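Below, each chain spelled out in residue letters.
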Amino acid sequence: MRIIAIIIIFSLLGCETPEKKDQLSNLEISWEVVSNLEKEGCHARFAFINHSPNPLKGDNWTLYFNQANVMPQEEDGYTGRVSHINGDWFKFTPDSDHFIIKPSDTLKFDYYYKDALIKNTDVPLGPYFVVNEDQDNESIFEAANFKVMAFSRPEQIHRSRNDFVPIPESEILYAENEIISDLKSDEFSPIIPSPYHIERLEGSIELKKTIGIWADEDFSGEANYLQKVLDSRFQVSSVITNETEADIRLTRSQLENESGSEEGYELSIDNKGVAITAQTKAGAFYAIQSLLGLQDPSDELKGGISLPYVKIKDHPRFGYRGFQLDVARNFQTKETIKKTIDILAFYKINTFLFYFTEDEGWRLEIEGLPELTEVGGQRQHADMNEAALHPSYGSGPFAYKEGSHGSGFYTKEEFIEILRYANERHIRVIPEVNLPGHARAAIKSMEKRYEKYMELGDEQEANRYRLIDPDDRSVYSSAQSFKDNVACVCRESVYRFYEKVVDEIVGYYKEAEVPLEYFHVGGDEVPVGPWTKSPICDQLLENMEGMEAQNLHAYFFKRVVDILQTRNLTVAGWEETALHNQGGQIVVNKEFSGGQVVPYVWNNLWGAQDLGYKLANAGYPVVLCPVTNFYFDLAYDKHPEEPGLYWAGFVNTRNAYEYAPYNVFYTTTRNDSYYTPINQETSFKNMERLTEEGAKNILGIQAQLWSETLKGSSMLEYYLLPKLLGFAESAWSKERQWESIDDKKLRAEKTQKEWNQMANSIGKVEMNRLNSLFGGFNYRIPPPGAKIQNGFLFANSAYPGLEIRYTTDGTEPGPNSPLYSEPLKINEIPVKLRAFNSEGRGSRTSEPKNTNLNLVQ
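We now turn to the structure provided with this report. Quantities reported herein were computed from a predicted structural model and do not represent experimental measurements. Counting of residues starts from 1 at the beginning of each chain's written sequence and follows it residue by residue. Side-chain atom pairs in this predicted model are given and counted only at pLDDT of 80 or more, local residue features only at pLDDT of at least 70, and totals for whole chains, interfaces and linings cover all residues. Only heavy atoms go into the side-chain values, all of them from the structure, while hydrogens and water stay out.

### Topic: the overall build of the chain
Next, step 1: Assigned secondary structure in the chain consists of 22 helices and 34 strands.
Next, step 2: The globule rule used here is 2.2 Å times the number of residues to the 0.38 power, and the radius of gyration it is set against is calculated over C-alpha atoms. The C-alpha atoms of the chain give a radius of gyration of 29 Å, which matches the 29 Å a tight globule of 857 residues would have.
Next, step 3: Counting only C-alpha atoms and orienting by the principal axes, one finds that the chain spans roughly 105 × 75 × 60 Å.
Next, step 4: Only protein chains enter the accessibility calculation, which uses a 1.4 Å probe; a residue is then buried when its area is under 20% of its type maximum, exposed when over 50%, and partly exposed in between. Within the chain, the fraction of its 857 residues that count as buried is 58%.
Next, step 5: Once local pairs closer than 6 in sequence are excluded, the contacts in the chain between residues at least 24 apart make up 75%.
Next, step 6: For the chain, the computed accessible surface area is about 35,300 Å², with 47% contributed by carbon and sulfur atoms.
Next, step 7: Separation of charge centres in the chain, based on 88 positive and 126 negative side chains, amounts to 3 Å. Under the scheme used here, helices are H or I runs from DSSP no shorter than 4 residues and strands are E runs no shorter than 2 residues, and both carry numbers assigned from the N terminus. Any two residues having at least one pair of non-hydrogen atoms within 4.5 Å are treated as being in contact. Here the Shrake-Rupley method, with its probe set to 1.4 Å, supplies the accessible areas, and only the displayed protein chains count as covering residues. The convention is simple: Lys and Arg are positive, Asp and Glu are negative, and His and the chain ends are not counted. Every charge is mapped onto a representative atom, which is NZ of Lys, CZ of Arg, CG of Asp or CD of Glu.

Right under this line is the structure:
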């Protein structure tokens, strides 16, 4: 009888799961922000609608989802609870007694987050159900019938009652765009970034069919690059020929410029042809980019090239012009990386910081440690304590699902291919391996390795690269809310692991025959609390007089510096690597100054506006990476449909352009992240100024693109462009006149005049080029501004050269809709407007208020 009873119980369980799955598949779920203004944080709501014929109970199932940069106020509700698991991973657990929905009924579940949520990229992502079949089995399937309610009310879009950033409605955009005026082609630079000196001459040269190229032997690689570009993009047949018959000549010669840069060049175009003079291969390469930039984008369809007569003498402002891409949180393919390198090179960016290790993913094959990509290269539903990565950023419960960006990695061969590709374009690739924080993918991978060798009975090998103290009971939460992402810096195996990874990567560079100078160690955002309850660390600290657990990060970093310096590598890291805790205060750690370590300084808010200057004055060579200007993952504006983060405000193309590296107090930092004006005189009065010697330590600047909200190549291009153009101008071109003007009013006038020139160049030249360059880019087209005043519709664009089209019947404007060219008399029908590029791709829709008004032609 006992055996029969067990069989009956398991049979019933087997029947329960398909029935529950069917019920949940017929469960419609909606989510919305109710308000951010009721109290500090966000009032959110799930609504569950039961479309099945039977009541749905809250037993044996859980709804999992991802939601970045938030933390719920975990309070038990009557019908369920939203709780945080780890990182951006959450779950809704229905109450088994009180969660009951009758057929066709709706159950609403209200709860609160500690932070405001204002955008479509803030919502729950990748929702899926887990049904518990029995103690050892579960059924996992995606929640297909899930929708998010629109953000439409002010209380859903403002972050708090102190958020003064205006919602970018069409009237606001119109006011912003009014300062932009249409310029003639000779009133703005024909090239971005603008050359130091350009003299435009009367006339142009036409190069048809066969184009001859000659180069000094040292520039043969650059000549071959030019030949490939001309043939592929301009439908011509170029050949390498002798100097007398050449249309384009590349000559090596000593050049002098005020910055002492070896990347400078001279470019002359006249009736004799094109003459390029440079001191180095890099200089010749950048001259080629300027040459290509002078060509009309429409030439690509003509089978020839038209070039204006011009004389250019040019060189970069900064030797370090960097761009960092995070491929760990959301993966990008090798092809996308190569296309990104192409556009970086075109705009004269010379450094690519490749960020491929994080909590949520390890993206580079390391020979001898296959677990790093077998485990760290993919995400799926997993127990938090399992040696696997759980879903993040909506990657879903299944690894390598089509359309998901949570899984993927680069093989050794692919990485070497990327290195060579970048090197041919004079871009150095800096690898970044982040420890001891941001290390969950590595930790879980090495735990899988530990388990494998323990099963084989080889305890020594199991512990060789282990990254945790299994007896550590420390409690902490990282900046991204991880509870288990910090390696145990007191284990010798951590340093063996680091040496192993570094040596393999160094070997990849050698095999690629590409130089490796910098190695970026990350080192940022180590939370408070790790190592405080670790027996291994307790034992280490007993022999380290005066050392406390909170400063073990500095101990780790010193060890890492030794590892890298013995391999003749320059150590780079985020700003935290040059700071330490002294009596509860974060101060400059002078131990690694004088060139040993290069800190990358991102924080220029919250009283840290002078941090980069402090480090430079203390003798550190510094790369400035200010979040308010160069964090391209921050949204262009506040509109809920504009993707991106906003924890430090919003970043648009003008922000990237309007950065004065040597005078941040009065030219760059005018408002806080909530748009509250900063009293510069009082707020910055006691901050440290950059000294003359300190200024010499500013290596350059870098833009960052983190990927929490970045899904696929199309979104990468949207976030990157046209922001990259503003950054390139700041990185390469000479100091803008407004940067050193003390008079506030005069500085504002000059800034506006020069930005207007930049906007004209972007809208009239670069956007047309980006339609086809390297296959074309999905750059952002800003929506038009519009207002209705005195019975007339007025509209304008952020970039001259874009077309504005409108409709009056409630439909979305398309590329063939009526073209707006002048103010229109209106009368009683809705009005919608969009901006379009020359290819017919459009912006977000603008709808001025009182759109129940008709247009009269």
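### Notes on the state of the cysteines
Next, step 1: In this description, the term disulfide denotes a pair of cysteine sulfurs within 2.5 Å. Taken as a whole and assessed by the stated rule, the structure comprises 1 disulfide.
Next, step 2: Between Cys490 and Cys537 runs a disulfide, and the two sulfur atoms are separated by 2.2 Å. One disulfide, between Cys490 and Cys537, carries an S-S torsion of 105° and so falls in the right-handed class. Of this pair, Cys490 sits in the loop between helix H10 (459-462) and helix H11 (492-512) while Cys537 sits in helix H12 (residues 535-542), and the two are 47 residues apart along the sequence. For the pair formed by Cys490 and Cys537, the shared burial category is buried.
Next, step 3: Looking at the unpaired Cys488, the closest cysteine sulfur is the one in Cys537, lying at 3.9 Å.
Next, step 4: By relative accessible area, which is 2% here, Cys488 ends up buried.

### Things to note about the packing of aromatic side chains
Next, step 1: Here the aromatic set is Phe, Tyr and Trp, taking the six-membered ring for Trp, and pairing holds for ring centres within 6.5 Å; pairs whose planes are under 30 degrees apart are stacked, those over 60 apart are edge-to-face, and all others are tilted. Within this structure, the stated rule accounts for 55 aromatic pairs.
Next, step 2: Measuring from centroid to centroid gives 5.7 Å for Phe46 and Tyr111, while their planes differ by 10°, and the two rings are stacked. A residue pair is termed long-range when its members are at least 10 positions apart, and Phe46 in strand S2 (residues 42-50) and Tyr111 in strand S8 (residues 106-113) qualify at 65 residues.
Next, step 3: On the basis of relative accessibility, which here comes to 6%, the residue Tyr111 falls in the buried class.
Next, step 4: A ring pair is formed by Phe331 and Tyr410, whose centres lie 4.8 Å apart and whose planes are at 45°; its orientation type is tilted. Placement of the pair is Phe331 in the loop between strand S19 (320-326) and helix H6 (334-346) and Tyr410 in the loop between helix H7 (371-374) and helix H8 (412-424), with a sequence separation of 79 residues.
Next, step 5: With a relative accessible area of 12%, Phe331 lands in the buried category.
Next, step 6: One aromatic cluster in this structure is built from Phe46, Phe48, Trp61, Phe65, Phe90, Phe92, Phe99, Phe109, Tyr111, Tyr113, Phe129 and Phe141.
Next, step 7: Here, a charge over a ring is recorded when the distance from Lys NZ or Arg CZ to the ring centre is within 6 Å and its angle to the ring normal is within 35 degrees. The side chain of Arg233 reaches across the aromatic face of Phe774, ending 5.8 Å from its centre.
Next, step 8: One Lys or Arg, Lys723, reaches over the ring of Tyr636 and ends 4.2 Å from the middle of that ring.

### Details of the sheet that holds strand S17 (residues 273-278)
Next, step 1: By this definition, two strands are paired if DSSP reports at least two bridges between them. Strand order in the open sheet made by the 7 strands is S12-S18-S16-S17-S15-S13-S14, with mixed pairing throughout. Of all the strands in the sheet, just strand S12 (197-208) and strand S14 (237-240) have a single pairing partner and so form its edges. Sheet twist, expressed as the average angle between the axes of neighbouring strands with direction ignored, equals 20°.
Next, step 2: Pairing analysis gives 6 bridges linking strand S16 (residues 265-270) to S17, with the strands arranged antiparallel. Residue pairing across strands places Tyr265 opposite Ala278, the latter belonging to S17. For every element, the axis is a line fit to its C-alpha atoms; helices are fit only across the contacting stretch, and the angle between N-to-C directions ranges from 0 to 180 degrees.

### Overview of the sheet that holds strand S1 (residues 27-35)
Next, step 1: The sheet built from 4 strands is open, its strands ordered S8-S2-S1-S11 with mixed pairing. The open sheet has two free edges, formed respectively by S8 and strand S11 (146-148), since each of these has just one partner strand. Going across the sheet, the axis of each strand differs from the next one's by a mean of 20°, ignoring polarity.

### A word on H8
Next, step 1: Taking 1.5 Å of rise per residue, the 13 residues of H8 would be expected to cover 18 Å, and the 19 Å separating its terminal C-alpha atoms lies within 8% of that figure.
Next, step 2: Where H8 is concerned, the buried positions are Lys412, Phe415, Ile416, Ile418, Leu419, Tyr421 and Ala422.
Next, step 3: Packed against the buried residues of H8 are H6, strand S20 (351-355), strand S21 (428-432) and H11.
Next, step 4: Within two residues after H8, His426 carries a phi angle of roughly 60°, on the positive side. To estimate how far a helix should extend, the number of its residues minus one is multiplied by 1.5 Å.

### Some thoughts on the pairing of strand S31 (residues 803-807)
Next, step 1: Within S31, 4 of the 5 residues are buried, leaving the element largely enclosed by the surrounding structure.
Next, step 2: Pairing of S31 with strand S33 (residues 832-836), which is carried by 5 bridges, proceeds in the antiparallel orientation. Along S33, the bridge assignment pairs Tyr806 with Leu833.

### What to know about helix H5 (residues 281-294)
Next, step 1: Look at H5: 20 Å from first C-alpha to last across 14 residues, which is about the 20 Å you get at 1.5 Å a residue.
Next, step 2: Summarising burial for H5: 13 of the 14 residues are buried, a large majority.

### Quick look at the pattern of salt bridges
Next, step 1: Criterion for a salt bridge: a side-chain nitrogen of Lys or Arg within 4 Å of a carboxyl oxygen of Asp or Glu. Summed over the entire model, instances satisfying the criterion amount to 48 salt bridges.
Next, step 2: Put simply, Glu367 and Lys412 hold a salt bridge, and the shortest N to O gap is 3.5 Å. Residue Glu367 is located in the loop between S20 and H7, and its partner Lys412 is located in helix H8; the two are separated by 45 residues in the primary sequence.
Next, step 3: Take Lys412: its relative accessible area is 11%, and that puts it in the buried class.
Next, step 4: A single salt-bridge network, built from bridges that share partners, covers Asp326, Arg329, Glu358, Glu360 and Glu708.

### Focus on the pairing of S14
Regular strands place their side chains on alternate faces of the sheet.
Next, step 1: Both strand S13 (residues 210-215) and S14 contribute to a ladder of 4 bridges, which runs parallel. Each residue of the ladder has a partner; that of Gly212, found in S14, is Val239.
Next, step 2: With helix H4 (residues 220-233) bridging S13 and its parallel neighbour S14, the resulting β-α-β unit is right-handed. The handedness rule is simple: strands pointing away from the viewer, and a clockwise path from the first strand over the helix to the second, make the crossover right-handed.

### Examining the environment of Glu642
Next, step 1: Positionally, Glu642 belongs in the loop between helix H15 (627-630) and helix H16 (653-657).
Next, step 2: Put simply, Glu642 and Arg844 are 202 residues apart on the chain and 8.9 Å apart in space, counted from C-alpha to C-alpha.
Next, step 3: Apart from residues lying up to four places away in sequence, Glu642 is in contact with Lys119, Ala635, Tyr636, Asp637, Tyr718, Arg780 and Arg844.
Next, step 4: In terms of polar contacts, Glu642 uses its side chain to reach the side chain of Arg844, at 2.8 Å. Under the rule applied, a polar contact is a pair of N or O atoms within 3.5 Å (in protein, one hydrogen donor and one hydrogen acceptor; residues adjacent in sequence only if both atoms are side-chain atoms).

### Here's the deal with the side chain of Glu432
Next, step 1: Assignment of secondary structure puts Glu432 in strand S21.
Next, step 2: If near-sequence neighbours (up to four positions away) are discounted, Glu432 is found in contact with Gln324, Leu353, Phe354, Tyr355, Phe356, Thr357, His520, Gly522 and Trp574.

### A few points about the environment of Pro640
Next, step 1: One can find Pro640 in the loop between H15 and H16.
Next, step 2: Between the alpha carbons of Pro640 and Asp122 there is a distance of 9.2 Å; along the sequence they are 518 residues apart.
Next, step 3: Sequence-distant contacts of Pro640, defined by excluding residues within four places in its chain, comprise Ile118, Lys119, Asn120, Phe151 and Ile157.

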